[in-house]
2 protein chains.
Amino acid sequence: MEKMRADARRNRAKVLAAAEEAFAADGLAVPLDDIARLAGVGAGTVYRHFPSKEALFQAVVLERIEQFAEEARGLAAAENPGEVFLDYFVRVIKQASLNRAICDALAESGGHAFKAGAGDDFRVALGELLRRAQAVGAVRKDIDGDDLRALIVGCLAVERYSPGSRHLVRIVVDGLRASSS
Amino acid sequence: MEKMRADARRNRAKVLAAAEEAFAADGLAVPLDDIARLAGVGAGTVYRHFPSKEALFQAVVLERIEQFAEEARGLAAAENPGEVFLDYFVRVIKQASLNRAICDALAESGGHAFKAGAGDDFRVALGELLRRAQAVGAVRKDIDGDDLRALIVGCLAVERYSPGSRHLVRIVVDGLRASSS
DNA sequence: GACGATACGGAGCGTACGTTCCGGTTGTCA
DNA sequence: TGACAACCGGAACGTACGCTCCGTATCGTC
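Overview of the structure. (Residues numbered from 1 in each chain as written. Chains lettered and ligands numbered in written order. Predicted model: local features only at pLDDT ≥ 70, side-chain atom pairs only at ≥ 80, totals over all residues. Heavy atoms only, no water.)

### Comments concerning the interface of chain B and chain A
- The interface of chain B with chain A comprises 30 residues on the first partner and 30 residues on the second.
- Of the roughly 2,400 Å² buried between chain B and chain A, counting both surfaces, carbon and sulfur atoms make up 65%.
- At the boundary of chain B with chain A, the tally comes to two salt bridges.
- A salt bridge links Asp174 of chain B to Arg140 of chain A; its shortest N-O distance comes to 2.9 Å. (Contact = heavy atoms within 4.5 Å. Buried area = accessible area lost by both parts, 1.4 Å probe. Salt bridge = Lys/Arg side-chain N within 4 Å of Asp/Glu carboxyl O.)

See the structure below:
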């Protein structure tokens, strides 16, 4: 992974960039040959660097999820946890809805990518924001991080079904705020 | 459609029944050959009755949606529209989540099946229940039938992501109840 | 600059699946 | 019951795509 030939490292980066773009636009359905062509590389080269299309996809998705987690960690110390949490929740949904790779990763196999490995960072960071928002009474207490991830999945589906309808996500947010019943 | 040979009519019914079962279990991904085998019929016979796999799928899905619409019409005259509406909303989600054909139909092409043709009956009936629930103040007034369909899609995604977690749908229901903001 | 190792490209393989085609079969009607 | 049309089964076709293979090109080193 470190002592690679210079051209190999270059090509690996090109493949990753092309995959990022292609998967984000068309999701997992994009043929691997297209990614190779977009990267200016042969199909064999892709397989030299990633054992399968699935592995490449996961690499791309996990990288994006890690960015979400990073952002969440940066907000963990904010002084108004309620607003911060809800803003973050909405922002993640909006960003993810623009990225078909994320949507497909969630749909496939029940969001396996969100659950395993690097997705764990996201789970932890999101859970922390939630905990703080609950502590100040901004969010109902009968939910946990797993529930939240499921809600994100649902909101993504809504967003894909009828894009841009603002108040649907707000309904969920209102539901999160409502007193626990 | 009417003056068919007896065996043709029989086979058509067998294909439809098999497709219903297979699509409900495995969604659109089930190979057409499997449906034919399940129906005890050759692949050619399936194509004699339905121009494409997609058409067969739509026929099955629309039939199911029509059942939902029927049920909704039967509830239109109830004396407690608030409860009736929310119960119906939850029940549709629960039923649909058990049927991968419905889930796939919603995912594919933004729920095209729900929007066109027979799906219209569902839209109308659902809208009527909603209107009555709003009239008695049980549901916030800033949503319409299209929003509801989108919410159903989202709840289905949640259900598939983390099955059986009751209170996620309840969050949405609470959001629906919440005062309009 | 030459040599071995490493990486590249893209043709080609295997598979899966939607769809079509046609020789045989079965229902219908006179 | 005979004959024609409608229908059936399933082999075969075309396509798409993930993945592999191997002759060739490129890189790093001495």
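Back to the text.
### With respect to the layout of surface pockets
Residue and element names in this part refer to chain B.
- A volume near 240 Å³ is recorded for the second largest pocket.
- Forming the walls of the second largest pocket are 13 residues, and the residues nearest its centre are Val90, Lys94, Arg166, Val169 and Arg170.
- Every element with two or more residues in the lining of the second largest pocket is listed here: helix H5 (81-97) and helix H10 (166-177).
- A total of five residues in the lining of the second largest pocket trace back to one element, the largest contributor, which is H10.
- For the lining of the second largest pocket, a count of residues per class yields five nonpolar, three polar and five charged. (1 Å grid on protein atoms, 1.4 Å probe; cavity = no way out; pocket = protein on both sides within 12 Å on 5 of 7 lines; lining within 4 Å. Points joined across faces, edges and corners; volume = space filled by probe spheres on them. Helix = DSSP H or I, 4+ residues; strand = E, 2+ residues; numbered from the N terminus. Nonpolar A, V, L, I, M, F, W, Y, C, P; charged D, E, K, R; others polar.)

### Overview of the relation of the copies chain B and chain A
- With an axial shift of 0.0 Å and an RMSD of 0.1 Å, the rotation relating chain B to chain A amounts to 180°. The transformation just described matches what one would write down for a two-fold rotation axis.
- Both copies share a contact surface, since 100% of the interface residues of chain B are interface residues in chain A too. (Least-squares fit on C-alpha atoms with pLDDT ≥ 70 in both.)

### Some thoughts on the protein's contact with DNA strand D
- Near DNA strand D, the surroundings consist of 21 residues, among which Lys53 of chain A together with Arg5, Asn11, Thr45 and Arg48 of chain B are the closest.
- In DNA strand D, atoms within 4 Å of the protein come from the sugar-phosphate backbone in 70% of cases.
- At a separation of 3.4 Å, a base nitrogen of DNA strand D approaches a polar backbone atom of Ala43 of chain B.
- Here Arg48 of chain B contributes a side-chain N or O atom positioned 3.4 Å from a phosphate oxygen of DNA strand D.
- Secondary-structure elements contributing two or more residues to the surface near DNA strand D are helix H1 (6-26) of chain A together with helix H1 (6-26) and helix H3 (43-49) of chain B. (Near = heavy atom within 4 Å. Polar contact = N/O pair within 3.5 Å; in protein donor to acceptor, adjacent residues only side chain to side chain.)

### Considering the packing of helix H10 (residues 166-177) of chain A against helix H9 (residues 145-161) of chain B
- Between H10 of chain A and H9 of chain B, the shortest axis-to-axis distance is 10 Å and the interhelical angle comes to 60°. Comparing their axes, H9 of chain B and H10 of chain A come out oblique. The two elements H10 of chain A and H9 of chain B meet at a crossing, and its hand is right-handed. Facing H10 of chain A, whose interface residues are His167, Leu168 and Ile171 of chain A, H9 of chain B presents Asp147, Ala150 and Leu151 of chain B. (Axes fitted to C-alpha atoms, helices over the stretch in contact; angles between N-to-C directions. Parallel < 35°, antiparallel > 145°, perpendicular 65-115°, else oblique. Left-handed = near helix turned anticlockwise from the far one by under 90°.)

### Observations concerning the state of the cysteines
- Under the definition given, this model contains zero disulfides over all chains.
- Left unpaired, Cys103 of chain A is separated from the closest cysteine sulfur, that of Cys155 of chain A, by 12 Å. (Disulfide = S-S within 2.5 Å.)

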